[in-house]
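Results of the structural survey
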Amino acid sequence: PAGRDKRTLIVEAALDVLLTDGIGKLSMRRVAREAGVALGLAHYYFASKGELIAALVGASAHRLHAEGPPETGDGAGPGAWLGRAEGLVTADRVRLSADIDSAALRDPVVAEAAAQRHRDAESEMGRQLAAVTTTAAVEPGDLPSLSAVLA
């Protein structure tokens, strides 16, 4: 579509392939075909499938952070964020997460992106749990460990 850059189209096509068929069916050739770009252009932006997966992880994290809860006003607070987060835990997304973690075992580029994804999830969960415990006047003993387990 006009107005969308090719790199974004390639990342979105990769996400479509991963959600539809899993990481076993992901190839640069298929992603290029799905994005409607030449294979050479896909390789111009991403030297390897690992770089493409890492970019996908980064783009997903950025989008989820941008869709986070408002900090003030109506609908603010942990309840709003947790309500939206519940919709993110779907079978496709759980499989995608497992696929990314599996790829991280074989590719150091993906490993770093996956590790950052886990750190970000733990940090955000800790922030939200802290807000919940403050609102509910609950004092859990080890909030960082609890947030790591939940994330």
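Here the residue index of a chain counts from 1 through its sequence in written order. Given that this is a predicted model, residues contribute local features only at a pLDDT of at least 70 and side-chain atom pairs are listed and counted only at 80 or more, while totals for whole chains, interfaces and linings are drawn from all residues. To obtain the side-chain values, all non-hydrogen atoms of the structure were included, while hydrogens and water were left out.

1. Let's talk about the confidence of the model for the protein
Reading predicted coordinates in detail is not appropriate for stretches of low pLDDT. The share of residues in the protein with pLDDT of 70 or more is 65%, and the mean pLDDT across the chain is 77. Low pLDDT, under 50, characterises residues 69-73; the predicted model gives this stretch 11 contacts beyond four residues in sequence or across chains. pLDDT: the predictor's confidence for each residue, scored from 0 to 100. We call two residues in contact whenever any of their non-hydrogen atoms come within 4.5 Å of each other.

2. A closer look at the pattern of salt bridges
Here a salt bridge means any side-chain nitrogen of Lys or Arg lying within 4 Å of a carboxyl oxygen belonging to Asp or Glu. A complete count under the given rule lists five salt bridges for this structure. Aspartate 99 serves as the salt-bridge partner of arginine 95, at 3.8 Å between the closest nitrogen and oxygen. Separated by four residues within a single helix, arginine 95 and aspartate 99 lie in helix 6 (residues 91-104), roughly one turn from each other. Burial classes follow relative accessibility: with a 1.4 Å probe on protein chains only, a residue under 20% of its type's maximum area counts as buried, one over 50% as exposed, and anything between as partly exposed. On the basis of relative accessible area, aspartate 99 is assigned to the buried category, the value being 15%. With a closest N to O distance of 2.7 Å, arginine 117 and aspartate 101 form a salt bridge. Of this pair, arginine 117 sits in helix 7 (residues 108-136) while aspartate 101 sits in helix 6, placing them 16 residues apart in sequence. Taking relative accessible area as the criterion, arginine 117 reaches 21% and is therefore assigned partly exposed. The network of salt bridges with common partners includes Asp21, Arg30 and Glu34. Secondary structure elements are defined from DSSP: runs of H or I of at least 4 residues count as helices, runs of E of at least 2 residues count as strands, and each element is numbered from the N terminus.

3. Quick look at the packing of helix 1 (residues 6-21) against helix 6
Each axis is a line fitted through C-alpha atoms, taken for helices only over the stretch in contact, and angles between the N-to-C directions span 0 to 180 degrees. Interhelical geometry of helix 1 versus helix 6 gives an angle of 105° and a closest axis separation of 9 Å. Judged on the interaxial angle alone, helix 6 and helix 1 are roughly perpendicular. Counting all contacts with helix 1, which are made through Leu15, Leu18, Leu19, Thr20 and Asp21, the residues of helix 6 involved are Asp92, Arg93, Arg95 and Leu96. Angle categories are assigned with fixed cut-offs, so that under 35 degrees is roughly parallel, over 145 is roughly antiparallel, 65 to 115 is roughly perpendicular, and the rest are oblique.

4. What about the nonpolar core?
What we call a nonpolar core is a set of buried Ala, Val, Leu, Ile, Met, Phe, Trp, Tyr and Cys residues that are connected through their side-chain atoms within 4.5 Å. The biggest cluster of nonpolar side chains holds 30 residues, and the ones touching the most others in it are Ile10, Leu26, Val31, Leu52, Ile53 and Ile100. Put simply, the parts of the chain that give this core at least two residues each are helix 1, helix 2 (28-35), helix 4 (49-66), helix 6 and helix 7. Per-element tally for this core: the top contributor is helix 1, with eight residues. Contact partners of isoleucine 10, with chain neighbours within four places excluded, come to Val31, Ala35, Val37, Leu41, Ala42, Tyr45, Phe46 and Leu52.

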